[in-house]
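# Topology and contacts: notes
Single-letter residue listing:
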Amino acid sequence: MKRLLRCLLAILLLAGFTGYAAEIYVSPAGADANPGSKEKPLATVAMAIRKARELRRLNDPSIAGGIHIILRGGIYRLEEPVFIRPDDSGTADSPTFIEAAPGEYPVFSGGRALTGWSRPKQPVAGLPEIAQGKIWVAEVPLTGGRVTEFRQLWINDKKAIRAKSCNGDSMSRILAWNHRTEECWIPTPPVRDLAHLATAEMFIHQWWAIAVLRVKKFEVHGDSTRLSFHQPESKIQSEHPWPAPWMSKETGNSAFYLSNALRFLDEPGEWFLDVGARKLYYWPRKGEDLSTAVTTAPVLETLVRIEGTADNPVSHFYFNHIAFRHTGWLRPSQQGHVPHQAGMYMLEAYKLKVPGTPDKKSLENQAWVGRPAAAVSVSFADHTGFSSCRFEHLASTGLDYGKGTHKAIVEGNLLRDIGGSAILAGVFSDEAVEVHIPYNPKDEREVCSNMVINNNLVTDATNEDWGAVGIGAGYVRDVIIAHNDISNVNYTGIMLGWGWTRTANAMRNNKILSNKIHHYARNLYDVAGIYTLSAQPGTLITGNDIDSIYKAPYAHLPTHWFYLYTDEGSAGMTIKDNWTPSGKFLQNANGPGNSWENNGPQVNDSIRQNAGLQPAFRYLLTGQQATHPRWPVNQEWPVVLEITGDGIDITRLQDVLVQNKVSPGSLYRWNDHYVVFDKVQDVSVLRGRVQAVFPKASVKTYYEPFYEFNRTHCDDKKEATAWTHVLLTANLVADTTLQKEYLDYHTTQFDKWPEVANGFCNAGFQRLLLYRNGRQLMLIISIPEGKSLDELNPKTTENNPRVDEWNARMKKYQEGIPGTQKGESWVFLQPVPYSLSNDKQ
């Protein structure tokens, strides 16, 4: 560890090198005919780089201590990426810096200001009635003789919303997906002339990824509509097996919305670009005045390219205190976007008819992927760095260190409002190589290594591609990811590894140290604060603080979220001393040699205090996006798993529970209904294993309660040290109106019927949880150990007639499940005895 810190210190000292050096000044008010002095600066960064290149070519004495390209404040609107070539390299004694003048704020922008806004004088054909008279319109300029096309728009640097079919954060649910015909059925949208939505796109949520599909045709069949899609994304979307559209009666089908049509522009903050008519329409938010607002659309996808070769890498080149803003990414508009994982889009993918590859005998899916565009990309470069920079308002990846990058430092940067991943490093499979083939190049110069990603603030990343990550490292070696603060991302905080393989590969000796990861997984699950893949011996994950997982509203499996997740092939790692609120971890198909030690809430509080940005970098927190006010954080509830069927072998069922680290004492029974009530690390895995053992049984999951009573509602808030659980089940009546009334009563009970909670308090109830799956209810009443419900229940109505009234009202909403007697509603499930002799562990 001390050796690592010394290496880090050496890199930091180099990045702050201030010896005698050449200085080249640049200003937006300068001129490229100027000499580049402080008094007569150049106008463009490209010309400054050329001047620096000439100084090196001629071995000018002024460069002995390095070259500083000093940028005055202002916006540098780029018409092409700034390209750093091997000829622009510095040396260890004479590095090159592109940096801000002291106290000034230079911005590299790939955007173009849009002006000329006005209110339409006539009604706009195709615009919803609600938006008529409220939108503004501007003519879109040409770029290179063509209409400027873009997928992002910023008003006063606040991102606007492409017009979509669902308002706010809501989404609809698909009805079906036909993989053979490559078609999808959806509820018919309440929009006129669907057949004429030529530019519409479908954004669909599927497991741990999303997809963007260009709609080719709408075919209305009453209340259902069939969609077909353009190629190549249509075939990829329907052929690839993982992640596919989700279909579930329990948790709902995949969520979606339609976008990019004038007919969807129906709320403030939305916009639509009519490319054919060269018109941009926007409905201003409250307080926005388009006659004075700065409206920016991106015209570049990449702002800076640092690119060498294996034999001649770029070297000793650093950026300090520069802002990178306003990039676009048009591939989804041209070819769709169907990611495999972490935003890597599939070029081809399908399921094998006969499973098995040389590396993995059971593999059934194949995929080849591409890498999204980045605002700043680096490849084949040694000794480079970005310090105290800002990456903001970007369509795809922020900073991308790819193949052949070594000895880099990324420190003290703010990465905010980013459509894809904030930072990527290493190879994530070349386009020609199937993703499950281990990467172990003959030329080890290709491997990304000895990189430090340290003290960066990542916030509001992945806001377009929800399946991208905060910081992602693929096949990397000797990489340190330390003291970063990552929040408000839609999927995983830090992802380390690629390939899904335990086979030896290029990865080893990586370290994830003392990061603070919180308020993540806002929309997608199968997720963790820190997620790993594949064998990487010598890798250490320690000292991290992981907390506050969002309650994703459309997650395919509502409890399939974790704090730490070592996924397929993960091997040779040490995971220790990480603070998490609980031990909700997942180890899925891991390889050998992993060591787990002291992870969870028992970890010393000093770990939490030390994690995240170090004191010198905490000023960055002023740029952190606030927690979404309408997005709750998950509470880790016990789950209810119900197994129904004849001839269930209780001993076998209890064995399955023990094998999955679930207490066999959590099993209850009524007739042929067996119910598990316990905290479970991964209830979807447990359910699958129970179903495999009892294939003819019905297995249902009750994920989380819709109603909870606890002692915080009592004057005496003290809880008993040990509890006993009483389980009951009943059905709601089949009338949907009455079902809604029942749910509404429970939503407002504490406000409108406080006497009910008072009764529970008087009885000494510790907690009541009420779950629902379809019509069926599960009620769990927790009471102090040693007490009985018969003893306590009468106290709920003692001097409390409103409880009797409540109970009488509830009767009209409840009925018995199949098998109950006439007039019977709630039935008690009895604990199933368990003998230690049954324990096979």
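Residues numbered from 1 in each chain as written. Predicted model: local features only at pLDDT ≥ 70, side-chain atom pairs only at ≥ 80, totals over all residues. Heavy atoms only, no water.

## Thoughts on the overall build of the protein chain
- When its secondary structure is counted, the protein chain shows twelve helices and 64 strands.
- The C-alpha atoms of the protein chain give a radius of gyration of 30 Å, which matches the 28 Å a tight globule of 841 residues would have.
- Principal axes of the C-alpha set define a box for the protein chain whose edges measure 95 × 70 × 60 Å.
- Across the 841 residues of the protein chain, 59% fall into the buried class. (Helix = DSSP H or I, 4+ residues; strand = E, 2+ residues; numbered from the N terminus. Rg over C-alpha atoms; globule rule 2.2 N^0.38 Å. Buried < 20%, exposed > 50% of the residue type's maximum accessible area, 1.4 Å probe, protein only.)

## Description of the state of the cysteines
- Tallied over the entire structure, the rule returns one disulfide.
- Paired by a disulfide, Cys 714 and Cys 761 hold their sulfur atoms 2.0 Å apart. Between Cys 714 and Cys 761, the S-S dihedral sits near -90°, and the bridge is therefore left-handed. One end of the pair, Cys 714, is in the loop between strand 59 (707-710) and strand 60 (723-732); the other, Cys 761, is in helix 10 (residues 754-763), with 47 residues separating them in the sequence. This pair shows no difference in class: Cys 714 is buried, exactly as Cys 761 is.
- The closest cysteine sulfur to the non-disulfide-bonded Cys 166 is located on Cys 184, 13 Å from its own sulfur.
- Judged by its relative accessible area of 7%, Cys 166 is buried. (Disulfide = S-S within 2.5 Å.)

## Regarding the pairing of strand 28 (residues 344-351)
- By the bridge criterion, two bridges tie strand 27 (residues 339-341) to strand 28 in an arrangement that is antiparallel. Paired with Gln 341 across the strands is Met 344, a residue of strand 28.
- Pairing geometry for strand 28 and strand 29 (residues 365-370), over six bridges, is antiparallel. Its bridge partner being in strand 29, Tyr 345 is matched across the sheet by Gly 370. (Pairing = 2+ DSSP bridges.)

## Overview of the sheet that holds strand 29
- With antiparallel pairing, three strands are arranged side by side in an open sheet as 27-28-29. At either margin of the open sheet sits one strand with a lone partner, and together these are strand 27 and strand 29. On average, each strand axis in the sheet is inclined to that of its neighbour by 55°, with strand direction left out of account. (Axes fitted to C-alpha atoms, helices over the stretch in contact; angles between N-to-C directions.)

## Thoughts on the packing of helix 6 (residues 650-659) against helix 7 (residues 683-693)
- Their axes nearest at 10 Å, the elements helix 6 and helix 7 cross at an angle of 150°. Here helix 6 lies roughly antiparallel to helix 7, going by the angle between them. In terms of crossing hand, the pair formed by helix 6 and helix 7 is right-handed. Counting all contacts with helix 6, which are made through Arg 652, Leu 653, Val 656 and Leu 657, the residues of helix 7 involved are Leu 686, Arg 689, Val 690 and Val 693. (Parallel < 35°, antiparallel > 145°, perpendicular 65-115°, else oblique. Left-handed = near helix turned anticlockwise from the far one by under 90°. Contact = heavy atoms within 4.5 Å.)

## Here we look at helix 10
- Every buried residue of helix 10 is accounted for by Val 756, Ala 757, Gly 759, Phe 760, Cys 761 and Ala 763.
- Residues of helix 10 that are buried make contact with strand 59, helix 9 (749-752), strand 61 (767-773), helix 11 (789-792) and helix 12 (801-810).
- Positive phi appears at Gly 764, one or two residues downstream of helix 10, with a value of about 80°.

## Focus: the packing of helix 8 (residues 736-747) against helix 12
- Axis separation between helix 8 and helix 12 bottoms out at 11 Å; the angle between their running directions is 155°. The pairing of helix 8 with helix 12 is recorded here as roughly antiparallel in orientation. For the pair helix 8 and helix 12, contact is made by Tyr 742, Tyr 745 and His 746 and by Trp 806, Arg 809 and Met 810, respectively.

## Concerning the confidence of the model for the protein chain
- With 97% of its residues at a pLDDT of at least 70, the protein chain reaches an overall mean of 95.
- Ranking the elements of the protein chain by mean pLDDT puts helix 1 (residues 2-15) last, at 44, and strand 37 (residues 423-425) first, at 99.
- Note on residues 1-19: pLDDT under 50 across the span, and 23 contacts to partners over four residues away in sequence or across chains.
- The low-confidence segment residues 837-841 (pLDDT under 50) makes nine contacts with residues lying over four places distant or belonging to another chain. (pLDDT = per-residue confidence, 0-100.)

## Some thoughts on helix 7
- Those residues of helix 7 that fall on the buried side of the exposure criterion are Val 683, Leu 686 and Val 690. Angular distribution of buried residues about the axis of helix 7 spans 60°; they occupy a single face of the element.
- Along its buried surface, helix 7 packs onto strand 55 (639-644), helix 6 and strand 58 (698-702). (Arc of directions from axis to C-beta.)

## Digging into the pattern of salt bridges
- Under the counting rule described, the total for this entry stands at 38 salt bridges.
- In this structure, Arg 57 engages Glu 54 in a salt bridge whose closest nitrogen and oxygen atoms are separated by 2.6 Å. One end of the pair is Arg 57 and the other is Glu 54, both in helix 2 (residues 45-57) and three residues apart, which spans about a single turn.
- Accessibility expressed as a relative area gives 58% for Arg 57, which makes it exposed.
- Ionic pairing is found between Asp 744 and Lys 740, a salt bridge with its closest N-O pair at 2.9 Å. Of the two residues, Asp 744 and Lys 740 are both situated in helix 8; the distance of four residues between them amounts to about one turn of the helix. (Salt bridge = Lys/Arg side-chain N within 4 Å of Asp/Glu carboxyl O.)

## Notes on the packing of aromatic side chains
- Within this structure, the stated rule accounts for 35 aromatic pairs.
- Measuring from ring centre to ring centre gives 6.3 Å for Tyr 76 and Phe 108, while their planes differ by 65°; the resulting arrangement is edge-to-face. Taken as a pair, Tyr 76 in strand 3 (residues 74-77) and Phe 108 in strand 6 (residues 106-109) lie far apart in primary sequence, 32 residues in all.
- A relative accessible area of 0% places Phe 108 in the buried class.
- With a centroid separation of 5.5 Å and an interplanar angle of 70°, the aromatic rings of Phe 562 and Tyr 565 are classed as edge-to-face.
- Given the relative accessible area of 0%, Phe 562 is considered buried.
- By relative accessible area, Tyr 565 is classed as buried at 4%.
- By way of ring pairs, the aromatic residues Tyr 76, Phe 108, Phe 317, Phe 319, Phe 324, Phe 386, Phe 391 and Tyr 401 are connected into one cluster.
- The cationic tip of Arg 608 hangs over the ring face of Trp 579; the distance from NZ or CZ to the ring centre is 3.5 Å.
- Geometry around Trp 753 places Arg 802 over its ring, the cationic atom sitting 3.8 Å from the centre. (Phe/Tyr/Trp six-rings, centres within 6.5 Å; stacked < 30°, edge-to-face > 60°. Lys NZ or Arg CZ within 6 Å of the ring centre and 35° of its normal.)

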